[in-house]
Amino acid sequence: MQQRVLKLKAQQQIAPNTFELILSGDVAALAYQPGQFVMLQIPDTAHLLRRPFGIVTIEADRLHLIYRTVGVGTKLLSQCRSGQLLSVFGPLGNGFPTAFLKPKQEVLLIAGGIGMAPLLGLLKRLVAHGIVVTIIFGVKTKAALFYQLELESLAKVYYTTEDGTFGFHGNVNSLIEAKLTQAHYQAIYGCGPAGLLQMIARRYQNHPHVYCAVERPLACGIGECYACVVPARQQNGYYKACEDGPVFSKEQVVF
Amino acid sequence: MQQRVLKLKAQQQIAPNTFELILSGDVAALAYQPGQFVMLQIPDTAHLLRRPFGIVTIEADRLHLIYRTVGVGTKLLSQCRSGQLLSVFGPLGNGFPTAFLKPKQEVLLIAGGIGMAPLLGLLKRLVAHGIVVTIIFGVKTKAALFYQLELESLAKVYYTTEDGTFGFHGNVNSLIEAKLTQAHYQAIYGCGPAGLLQMIARRYQNHPHVYCAVERPLACGIGECYACVVPARQQNGYYKACEDGPVFSKEQVVF
Amino acid sequence: MTKLAVKLPGLKLKNPIMPASGCFGFGQRYAQLYDLNQLGALTIKATTLKPKLGNATPRIAETASGMLNAIGLQNPGLETVLEEKLPWLQQQYPELPIIANVAGAQTSDYVTVCQKISGAPNVKAIELNVSCPNVAAGGMAFGTDAQTVYALTKACTAVSQVPIYVKLTPNVTDILPIVQAAEAGGAAGFSLINTLVGMRIDLATRKPILGNGTGGLSGPAIKPIAIRMVHRVHQISKLPLIGMGGVSTAADALELMMAGASAVAVGTANFNNPYACVDIIQKLPVIMEKYQVQSIQSLINDMVVSSR
Amino acid sequence: MTKLAVKLPGLKLKNPIMPASGCFGFGQRYAQLYDLNQLGALTIKATTLKPKLGNATPRIAETASGMLNAIGLQNPGLETVLEEKLPWLQQQYPELPIIANVAGAQTSDYVTVCQKISGAPNVKAIELNVSCPNVAAGGMAFGTDAQTVYALTKACTAVSQVPIYVKLTPNVTDILPIVQAAEAGGAAGFSLINTLVGMRIDLATRKPILGNGTGGLSGPAIKPIAIRMVHRVHQISKLPLIGMGGVSTAADALELMMAGASAVAVGTANFNNPYACVDIIQKLPVIMEKYQVQSIQSLINDMVVSSR
Ligand SMILES: Cc1cc2nc3c(=O)[nH]c(=O)nc-3n(C[C@H](O)[C@H](O)[C@H](O)COP(=O)(O)OP(=O)(O)OC[C@H]3O[C@@H](n4cnc5c(N)ncnc54)[C@H](O)[C@@H]3O)c2cc1C
Ligand SMILES: Cc1cc2nc3c(=O)[nH]c(=O)nc-3n(C[C@H](O)[C@H](O)[C@H](O)COP(=O)(O)OP(=O)(O)OC[C@H]3O[C@@H](n4cnc5c(N)ncnc54)[C@H](O)[C@@H]3O)c2cc1C
Ligand SMILES: Cc1cc2nc3c(=O)[nH]c(=O)nc-3n(C[C@H](O)[C@H](O)[C@H](O)COP(=O)(O)O)c2cc1C
Ligand SMILES: Cc1cc2nc3c(=O)[nH]c(=O)nc-3n(C[C@H](O)[C@H](O)[C@H](O)COP(=O)(O)O)c2cc1C
Ligand code: FES
Ligand code: FES
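Residues numbered from 1 in each chain as written. Chains lettered and ligands numbered in written order. Predicted model: local features only at pLDDT ≥ 70, side-chain atom pairs only at ≥ 80, totals over all residues. Heavy atoms only, no water.

## Here we look at the overall build of chain C
Then, in step 1: In terms of regular secondary structure, chain C is built from 10 helices and 16 strands.
Then, in step 2: Since a compact globule built from 308 residues should have a radius of gyration of about 19 Å, the 18 Å found for chain C is in line with a globular shape.
Then, in step 3: Dimensions of chain C along its principal axes, counting C-alpha atoms only, are 50 × 45 × 40 Å.
Then, in step 4: Put simply, of all contacts in chain C between residues at least 6 apart along the chain, 73% involve residues at least 24 apart.
Then, in step 5: Accessible surface computed for chain C: about 9,900 Å², of which carbon and sulfur atoms make up 49%.
Then, in step 6: Measuring between centres, the 24 positive side-chain charges of chain C sit 2 Å from its 17 negative side-chain charges. (Helix = DSSP H or I, 4+ residues; strand = E, 2+ residues; numbered from the N terminus. Rg over C-alpha atoms; globule rule 2.2 N^0.38 Å. Contact = heavy atoms within 4.5 Å. Areas by Shrake-Rupley, 256 points an atom, 1.4 Å probe, with all protein chains shown as cover. Lys, Arg positive; Asp, Glu negative; His and termini not counted. Charge placed at Lys NZ, Arg CZ, Asp CG, Glu CD.)

Below is the structure:
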């Protein structure tokens, strides 16, 4: 957990409203788990709150992020050009638990839209450890897909589009219903809109290893301000998305 | 009086804390008088007020400014790199009156520090019309001087430094006292700190053509908000620096 | 009625956007930038009975996403406004509704100005400025006392030929008694918010930057306070509201309307972008479409602002 | 005494900078970023008698140069603070003065918490939070009523073993009666400002963004209001002031001190820059030199703030 000023090395649009961002600097020594995140300062002082983004990878001096422009902060970010300096704070939070997995075991990754970003890093780690990965990548429409070649080179990938322009026509749930009810996975990892995560928790309610990364508005990002709380599932209380998460098991919280 | 988005073409430091800025775009058709100014939007949305700068020249598609970094806005400006887009509003205000001058007549330009910026454009216009120009350029220390070669190629230049590191050792007043009491000029034009302008008004109190450009904090820049008022000399009331000035005769206002 | 049109007491606006008082003078310079007929209405600078010179300088200071001003209501006075400013607007823009911002140091001043200015053919409403933080007499001192607001509103509505919108100050513990007082006095609506009292210190002199010491804070910095005040007043009063405070985009304007405003004034944003008002008017249909707002009037009619 | 040191009732500070309550929790995570011994003091999160779950989510929203929060005083409660949080700080940073921010829903809660928490060895002062805008009971409702402030301050000073600083809300028409009430109740000083009530609306749902509806506005946006409030209270009271509101640089801190504050708390800035407090402490000598401030204590001793 450290703060670094990194330099924008490259940025490119990889789908409508979706950008790949490569920052370079003194990051090689930063250990991280997929699912952990960094907080970027927006280069406009009217915007105080840092924006959290899941780490895709850190390789040598490169930090790799993928984000979608949803509001003003990400829009400003998407307009930054090479050479721009950005303050990055992290890695923060807890990544996806994987210690219990053994080579050759099968896992399922479920991504809704930009939820693919943190799962990408996880995918690479898992494959490197000999885990067999199946992916469901659900998006609104074909154009929103990204990184298909890379995904397909590492995993079996099912696509679903809400408008039927590519892959399965429907949502992730109906795809599973249609194609994956028989399959068994050692673990299920999810990231995406709240509705998707809730569906995952319901569908795999008896599964012991279901982990999803949540998104909540963050302020401090390290557990000191109580901004980001997520209702606990079992008792009357809260977890903090930033410090206790952003990856939670389905037993911990109400997604 | 128009608003344009211009592109930062080149920017360079020409003295400590002093920058020359060239913006390019659709400016060729903008008529201006030296002494008029533009208002630049600072590329950080926390800074609402535009910053006023005297026009040095507009030539073809280039707008030329010279400024000193004094606070956060000019500091941010100085960090802008080529390609940066900047919103420019102007030309605004009234320039230095020169219609009464005839070729071969002599005039005196008195600049204090960055006050040289708007006088530079005036100098070029005057010389182009065959007017003979003498300049007094007063600064704190030698390093603060800029554009000496250009000035000397167009006019007779007296330098004064407060610390005596170059030219006359002292202030503008003592230089005039020492060297220019005998000289007569058709007009005197000044720009610089309030103290300097007040000195000019006092020293040349009986001269019919003394014009100085003032600096006041501006908001609207066009005469609608009453932010920038300057006390009138004759009656109980105010002039607006932005609309009635920034160039005033010594009869109009208390500098 | 078009998508953008809206009706308030005294005001038929072709769109809900108008410049805020004091940030647009009497419109003559902005008229050199664009056709003022594009505006929903125009609120003129505070007008007082006699010409007013205003406060000592400096009168403005920048703050993060905002600014302080202590102009002190400098204006040419009722006579000049009636003889020059309003006739100029009437001649150039006969269709443009003018809202006259009225200020004074005592009740009789307000009454005289309201009476006379409301007779001008293009003045369709009065904005009663009881909330200027930058003048010693009158202004905010009036607007923080319910009894005074009641008496003043009553006296002015009695003589005015046009509806009166009372301009509220956010510098109060509770706005409720002020709102009730103005209603009882016959206000046709409210206009809010005026600026918040603030200060900046010059580190070199260790004194306040502004000649007046304190000033009024405006700009995007205060938008959340404006939204809250509009929301609150909308919940306690049925009168229509002209909202303002930090609006610089069409989204900001829509946000204030979703908080309960029926029209929106744009102040400080004009300084950052002299075309702010027309830019907002132009982009309003786009943002309305994005958020499925059929028309401004329907938005206002249907608005039940939840307190959540 | 060093250039940066300053003394206030109960507090010997090696420098005037401390984190503001609620933006730094109990310091445990920030301790992973830097040595908390560098701080002048540490103000802990509001502590209530019983654990408090806080408000519905979302609890924050960004605004121009500011943010809204409606955390609702979530905290682990007096027992955990006394048994875990304060002992941890005591053990890790035995020299670090702790200011305990105390909140409650009724007077008896405040009294119990003040009595017990003031017995902790590292708690050197109490910050009486009568100004939280985000809770239905207690909080700001207390801080806007002079009679309540008097009674509460009196009851708390009666039982507290350490000096009490009353934390003031800017959401009042006039701070004077509140200040006088707290003085009469035995306050040792004031801490100001707490947040301003604000709101944002979600254009898509047309409802307030925050689960709580309204929230408290903080950050650079409110700095001019903080400066003005500090300036005003400094003019009406001789008690020392801990200033806060939008401080994010050493220049901001100095500006608040030149307005009358004897120490400065840094809140929202920690979110933008987790090293904000230590960065400010490091740069303070540089800016002091620039503006010829020999020492913080001399600045405070000599401070006669002009109203201009
Ligand atoms: C732990 C974590 C990891 C994330 N990883 C990614 C990622 O890898 N790629 C990606 O595209 N997005 C990711 N997000 C979401 C991303 O942070 C938001 O989309 C982004 O902050 C929006 O900023 P904005 O200025 O464009 O939006 P605005 O709406 O203008 O932002 C206003 C405020 O709301 C917050 N906010 C808005 N949307 C969200 C959101 N969905 N989640 C959390 N805060 C939000 C912003 O951070 C900011 O504080 C992640 C969020 C979290 C909490
Ligand atoms: C008509 C006019 C022409 C000018 N021409 C030039 C020029 O050619 N070159 C140049 O270097 N400077 C010029 N100035 C001064 C220049 O505008 C200020 O130095 C600049 O605005 C400072 O901005 P800042 O953000 O760095 O300072 P900050 O102190 O951070 O600015 C805060 C606010 O104060 C205002 N302000 C600060 N100093 C001044 C000042 N001296 N005059 C007016 N407003 C000020 C800023 O515009 C801003 O609104 C001119 C000023 C005026 C009024
Ligand atoms: C320079 C300036 C002058 C103002 N003059 C007046 C005025 O004369 N009468 C008035 O009622 N409000 C006046 N105001 C307040 C504005 O009309 C408006 O209520 C306030 O600035 C908030 O809106 P904004 O944030 O869009 O500027 C003035 C504001 C500014 C910045
Ligand atoms: C997230 C958050 C939580 C806060 N919690 C408390 C609190 O528990 N008690 C309190 O007295 N003030 C609380 N405050 C107010 C701050 O202590 C401070 O008074 C205010 O934020 C202004 O300072 P700033 O602009 O530096 O943040 C909180 C502020 C924020 C932003
Ligand atoms: S963001 Fe502060 S506790 Fe999670
Ligand atoms: S800056 Fe508005 S009148 Fe001059």
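After presenting the structure, the write-up continues.
## Concerning the site of ligand 1
Residue and element names in this part refer to chain A.
Then, in step 1: As a matter of local geometry, ligand 1 sits amid 20 residues, with Arg 51, Pro 52, Gly 73, Thr 74 and Glu 215 nearest to it.
Then, in step 2: Ile 66 places a main-chain nitrogen or oxygen 2.9 Å from a nitrogen atom of ligand 1.
Then, in step 3: Val 72 places a polar main-chain atom, nitrogen or oxygen, 3.2 Å from an oxygen atom of ligand 1.
Then, in step 4: Elements that contribute at least two residues to the shell around ligand 1 include exactly β4 (51–54), β6 (62–68) and α1 (72–78).
Then, in step 5: Top element by residues in the shell around ligand 1 is β4. It accounts for four residues.
Then, in step 6: Here the residues of the shell around ligand 1 sort into 12 nonpolar, four polar and four charged. (Near = heavy atom within 4 Å. Polar contact = N/O pair within 3.5 Å; in protein donor to acceptor, adjacent residues only side chain to side chain. Nonpolar A, V, L, I, M, F, W, Y, C, P; charged D, E, K, R; others polar.)

## Some details on the packing of helix α2 (residues 107–117) of chain C against helix α4 (residues 146–159) of chain C
All names here are of chain C.
Then, in step 1: At a minimum axis distance of 8 Å, the contact between α2 and α4 shows a crossing angle of 25 degrees. The orientation of α2 with respect to α4, classified from their angle, is roughly parallel. For the pair α2 and α4, the sense of crossing is right-handed. Counting all contacts with α2, which are made through Thr 107, Tyr 110, Val 111, Cys 114 and Gln 115, the residues of α4 involved are Leu 152, Ala 155, Cys 156 and Val 159.
Then, in step 2: Taken together, the residues of the contact of α2 with α4 sort by class into seven nonpolar, two polar and no charged. (Axes fitted to C-alpha atoms, helices over the stretch in contact; angles between N-to-C directions. Parallel < 35°, antiparallel > 145°, perpendicular 65-115°, else oblique. Left-handed = near helix turned anticlockwise from the far one by under 90°.)

## Digging into the sheet that holds strand β9 (residues 164–167) of chain D
All names here are of chain D.
Then, in step 1: Sheet architecture is open: eight strands sit in the order β3-β16-β15-β10-β9-β8-β7-β4, paired in parallel fashion. Looking at which strands have only one partner, the edges of the open sheet turn out to be β3 (17–19) and β4 (42–43).
Then, in step 2: Pairing of strand β7 (residues 98–102) with strand β8 (residues 123–129) involves five bridges; the strand directions are parallel. Its bridge partner lying in β8, Ala 100 is registered against Ile 126.
Then, in step 3: Contacting β3 and β16 (263–266), helix α9 (residues 276–290) crosses the sheet at an angle of about 175 degrees to β3. (Pairing = 2+ DSSP bridges.)

## Re the interface of chain D and chain C
Then, in step 1: Contact with chain D, which involves 50 residues of that partner, is made by 49 residues of chain C.
Then, in step 2: Both sides together, the interface formed by chain D and chain C hides about 3,800 Å², and carbon and sulfur atoms give 65% of it.
Then, in step 3: Our enumeration of links across chain D and chain C arrives at two salt bridges.
Then, in step 4: In this structure, Glu 255 of chain C and Arg 200 of chain D form a salt bridge, with 2.9 Å as the shortest nitrogen-oxygen distance. (Buried area = accessible area lost by both parts, 1.4 Å probe. Salt bridge = Lys/Arg side-chain N within 4 Å of Asp/Glu carboxyl O.)

## Digging into the UniProt feature "binding site: [2Fe-2S] cluster" (unreviewed entry) in chain A
Then, in step 1: The positions UniProt marks with the feature "binding site: [2Fe-2S] cluster" (unreviewed entry) are Cys 220, Cys 225, Cys 228 and Cys 242 of chain A. These annotated residues cover 23 residues of sequence, but their C-alpha atoms sit close together, with the largest distance between any two at 10.1 Å.
Then, in step 2: Discounting residues that sit within four places of it in the chain, Cys 220 of chain A has contacts with Met 39, Phe 89 and Cys 225 of chain A together with Tyr 30 and Phe 271 of chain D.
Then, in step 3: Secondary-structure assignment places Cys 225 of chain A in the loop between β13 (210–213) and β14 (229–231). (UniProt positions renumbered as here; feature names shortened; annotations may be inferred.)

## Observations regarding the pairing of strand β7 (residues 85–92) of chain B
Where a strand is regular, its side chains alternate between the two sheet faces.
Residue and element names in this part refer to chain B.
Then, in step 1: Of all the eight residues making up β7, seven are buried; the element is thus mostly covered by neighbouring parts of the structure.
Then, in step 2: Bridge count for strand β1 (residues 2–15) against β7 is six bridges, and the pairing is antiparallel. Directly across from Lys 7, in β7, lies its bridge partner Leu 85.
Then, in step 3: Across three bridges, strand β3 (residues 37–40) lies against β7 in antiparallel orientation. (Buried < 20%, exposed > 50% of the residue type's maximum accessible area, 1.4 Å probe, protein only.)

## Looking at the relation of the copies chain D and chain C
Then, in step 1: Relative to chain C, chain D is turned by 180 degrees and slid 0.0 Å along the rotation axis, the superposed coordinates differing by an RMSD of 0.0 Å. What we have between these two chains is a two-fold relation.
Then, in step 2: When the interface residues of chain D are mapped onto chain C, 98% of them are again interface residues, pointing to one common binding face. (Least-squares fit on C-alpha atoms with pLDDT ≥ 70 in both.)

## Regarding the site of ligand 4
Residues and elements named next belong to chain D.
Then, in step 1: The local shell around ligand 4 holds 22 residues, among which Ser 21, Asn 101, Gly 219, Gly 246 and Thr 268 are the closest.
Then, in step 2: At 2.6 Å from an oxygen atom of ligand 4 is found a main-chain nitrogen or oxygen belonging to Gly 246.
Then, in step 3: Within the contact set of ligand 4, an oxygen atom lies 2.9 Å away from a backbone nitrogen or oxygen of Gly 267.
Then, in step 4: In isolation ligand 4 exposes 600 Å². Once the protein is present, 98% of that is buried.
Then, in step 5: Per-class residue counts for the shell around ligand 4 are seven nonpolar, 13 polar and two charged.

## Considerations on the nonpolar core
Then, in step 1: Ile 117 of chain C together with Ile 117 of chain D are the most contacted members of the largest nonpolar core, which totals 296 residues.
Then, in step 2: Those residues within four positions of Ile 117 of chain C in sequence are excluded, and the remaining contacts are Ile 44, Thr 47, Leu 78, Val 81, Leu 82, Leu 86, Ala 100, Val 102, Val 123 and Ile 126 of chain C. (Core = buried A, V, L, I, M, F, W, Y, C linked by side-chain atoms within 4.5 Å.)

## A closer look at the domain arrangement of chain A
Residue and element names in this part refer to chain A.
Then, in step 1: Domain boundaries in chain A define domain 1 (2–92) and domain 2 (106–249).
Then, in step 2: Centre-to-centre, using C-alpha coordinates, domain 1 lies 21 Å away from domain 2.
Then, in step 3: If you look at the interface, domain 1 gives 22 residues, while domain 2 gives 21 residues.
Then, in step 4: Here domain 1 and domain 2 share an interface that buries about 1,700 Å² over both sides, 69% of which is from carbon and sulfur atoms.
Then, in step 5: Where domain 1 touches domain 2, the interface holds three residue pairs in polar contact (both at pLDDT 80 or more).
Then, in step 6: Broken down by secondary-structure element, the contributors of at least two residues to the side of domain 1 that touches domain 2 are β1 (2–15), β2 (18–24), β3 (37–40), β6 and β7 (85–92).
Then, in step 7: It is β6 that provides the largest number of residues to the side of domain 1 that touches domain 2, a total of four residues.
Then, in step 8: For the side of domain 1 that touches domain 2, the residue count by class is 15 nonpolar, five polar and two charged. (Domains from an automatic or database assignment.)

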